[in-house]
Amino acid sequence: MFKRNESGAATGGETVIAQGVKVEGDFTSKGDVVIEGEVAGSVSVDGDLKVGQSARIAADVTAKNAVVAGEVQGNLNVAETLDLTASAKVVGDISATILTVASGSTINGRVSMGQSQKKKTEVGE
Amino acid sequence: MYLYIYDEFIQDKRYLRDIALVENRLTDLGIAGKIIRMALFRQAGEQIRDEARRGASTVVVVGNDRTVCQILDAVADVDLPLGLIPIGPNNRLAKMLGIPEGVAACDILSARMIERVDTGLLNGKRFVTGVRVDHPEATLTCEGQYTVSFDAGGQIEICNFTPIDGESVGAPSDPRDGMLEARVAVSKRSGFFSHKLHATKLPVRFASIDAPSMISAFCDGQLVQSKRFEISVEPLRLKVITGRERMF
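Small disclaimer: the values here were computed from a predicted structure and weren't measured.

Re the overall build of chain B
Next up, step 1: A tally of helices and strands in chain B yields 5 helices and 14 strands.
Next up, step 2: Against the compact-globule benchmark of 18 Å for 248 residues, chain B has a radius of gyration of 19 Å, which places it among compact chains.
Next up, step 3: Counting only C-alpha atoms, chain B reaches 55 × 40 × 30 Å along its principal axes.
Next up, step 4: Sorting the 248 residues of chain B into buried and exposed places 50% on the buried side.
Next up, step 5: In chain B, of all internal contacts separated by at least 6 residues, the share reaching a separation of at least 24 is 70%.
Next up, step 6: Entry remark: accessible area of chain B is about 11400 Å², with carbon and sulfur atoms responsible for 50%.

As C-alpha cells, this is what we get:
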C-alpha cells in the first residue's frame, strides 16, 4: 500500500509523522498518513493510515483503511479494512468492516466487525 | 510592455558583460522594455504599481532572490506575471522555476509559460519559497489544533516550494495546491559515523512558530527575527514565468 524510502517514510503525497517527532492535539488529515513517531490526542484520517513499528499513539484513531505495526492506546475506528501486523499492540476497542490479525499481535479491548456491527467479540491477551 | 527591475548589485563591473548579452538577446527576441534601476531611496514597489496602471504586461526581475523579495508584494498586488533573469549567486527561486542563469533565461522569458502559484505570509510579509527556523526551543503549532515537538537537533521549515539544498526527503511540494508544507527534519545517529534523516511532512494552511525568546528565521533567504511567527498561505496569488526544468 505504501512505498518506502531509506528513512522509512512513505513517498508520494502523504502526510508523514517521522520517528523522533511528537504531535499533540487534534490531528486531522484529508489524505493518507504515515505515523512513525508519537501522537497524543486524537487522529482522524479521511484516507489510509499506516502506523509504523516505532510509532506510539495515545489517541482515538479514525481512518478509512489502516495498517498497524506499532502501539495504539485508544479506540481504533476503521471504516473498511484494518490490518494488525505481528508487532501491533492495541489497547482499546476496535471497529472495522474487515479485520486481519497477524500471529504475534496483541489486542486488549472489544472487537466489532461488519457493517451492521451486530457481532461483538471480547478478545483478551 | 515588459518592465525590467535591475538590482543595484548588477551594476558591478563583473556582471557588465552578462547584462550586455542579456539586453542584446532581449532586443533580438522583441521583448525589450522599460528599465527601472533599484536604488537606496527609490521605492521599486511604487514604480511597479505606476507602470502597471500605464499598461505594463510583465515584470521581470534582473537580479537574485533578494531582488524578488523586495518587489514581491507589489507584483502580487498588481497581478502581473513575474519573470526572472537570474544574475550572480543566491538564485534558489530561479532553480525551482527551472530558469537558467544569465542570457539563457531570455528564451524562457520569451516562451512565456505562465503558472499560478501559491504565496505565503510571514507576519504579514509575503514570501514565495519558504521559511526556515533552526532553533531548539521553537515549537510548531499547525492549524491551531495540534503542536509538533521534536528532540534536539531538529529543523522546522514551512515550504511552498521544495527545498533544493541540504538533505530533502520525500516527494516534492506542489506550490499550486493551496497548501504549505510544514517539514520537520530530525537527525538521529544510526551508526558510529552516520546519521539518518527523518523528515516529517504536514500539509497546513496556517501555522505558528513560538519561542520563549527572540529567534531568527530565514524567509526567502532573508533574515527575520521575532518571538512568534504566524505563517499562512495565499492560494494561487502569484503568476510566474517558468521553464521546462521546473521543480513542480
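After that view, the rundown keeps rolling.
Some remarks on the pairing of strand β6 (residues 56-63) of chain A
For a regular strand, side-chain orientation follows a simple rule: the groups alternate between the two sheet faces.
Residues and elements named next belong to chain A.
Next up, step 1: Direction of pairing for strand β4 (residues 38-45) relative to β6: parallel, over a ladder of 7 bridges. Paired with Ser42 across the two strands is Asp60, which belongs to β6.
Next up, step 2: Bridge count for β6 against strand β8 (residues 71-73) is 2 bridges, and the pairing is parallel. Paired with Ile57 across the strands is Val72, a residue of β8.
Next up, step 3: Here 3 bridges tie β6 to strand β9 (residues 76-78), and the two strands are oriented parallel to one another. Paired with Ala63 across the bridge in β9 is Val78.

What about the pairing of strand β7 (residues 130-133) of chain B?
Residue and element names in this part refer to chain B.
Next up, step 1: As paired strands, β7 and strand β10 (residues 154-159) are joined by 4 bridges and run antiparallel to one another. Opposite Gly130, over in β10, you have Cys159 as the bridge partner.
Next up, step 2: With 3 bridges joining them, β7 and strand β13 (residues 206-219) adopt antiparallel strand pairing. Residue Arg132 lies in a different strand from β13, and its bridge partner there is Phe218.

Points about the confidence of the model for chain B
Close inspection of predicted coordinates is inappropriate in any region flagged by low pLDDT.
Residues and elements named next belong to chain B.
Next up, step 1: Scored by pLDDT, chain B comes out at a mean of 88, with 91% of its residues at no less than 70.
Next up, step 2: Averaged pLDDT values over the elements of chain B bottom out at 79 in strand β12 (residues 195-204) and peak at 96 in strand β4 (residues 82-86).
Next up, step 3: Prediction confidence for the complex, expressed as pTM and ipTM, is 0.83 and 0.80 respectively.

Quick look at the confidence of the model for chain A
Residues and elements named next belong to chain A.
Next up, step 1: Looking at chain A, pLDDT values average 85 and 81% of them are 70 or higher.
Next up, step 2: Long-range and interchain partners of residues 1-12, a stretch whose pLDDT sits below 50, account for 31 contacts in this model, where long-range means more than four residues apart.
Next up, step 3: Scored below 50 in pLDDT, residues 117-125 shows 19 contacts in the model against residues more than four places distant or in partner chains.

Calculation criteria
- Residues numbered from 1 in each chain as written.
- Chains lettered and ligands numbered in written order.
- Predicted model: local features only at pLDDT ≥ 70, side-chain atom pairs only at ≥ 80, totals over all residues.
- Heavy atoms only, no water.
- Helix = DSSP H or I, 4+ residues; strand = E, 2+ residues; numbered from the N terminus.
- Rg over C-alpha atoms; globule rule 2.2 N^0.38 Å.
- Buried < 20%, exposed > 50% of the residue type's maximum accessible area, 1.4 Å probe, protein only.
- Contact = heavy atoms within 4.5 Å.
- Areas by Shrake-Rupley, 256 points an atom, 1.4 Å probe, with all protein chains shown as cover.
- Pairing = 2+ DSSP bridges.
- pLDDT = per-residue confidence, 0-100.

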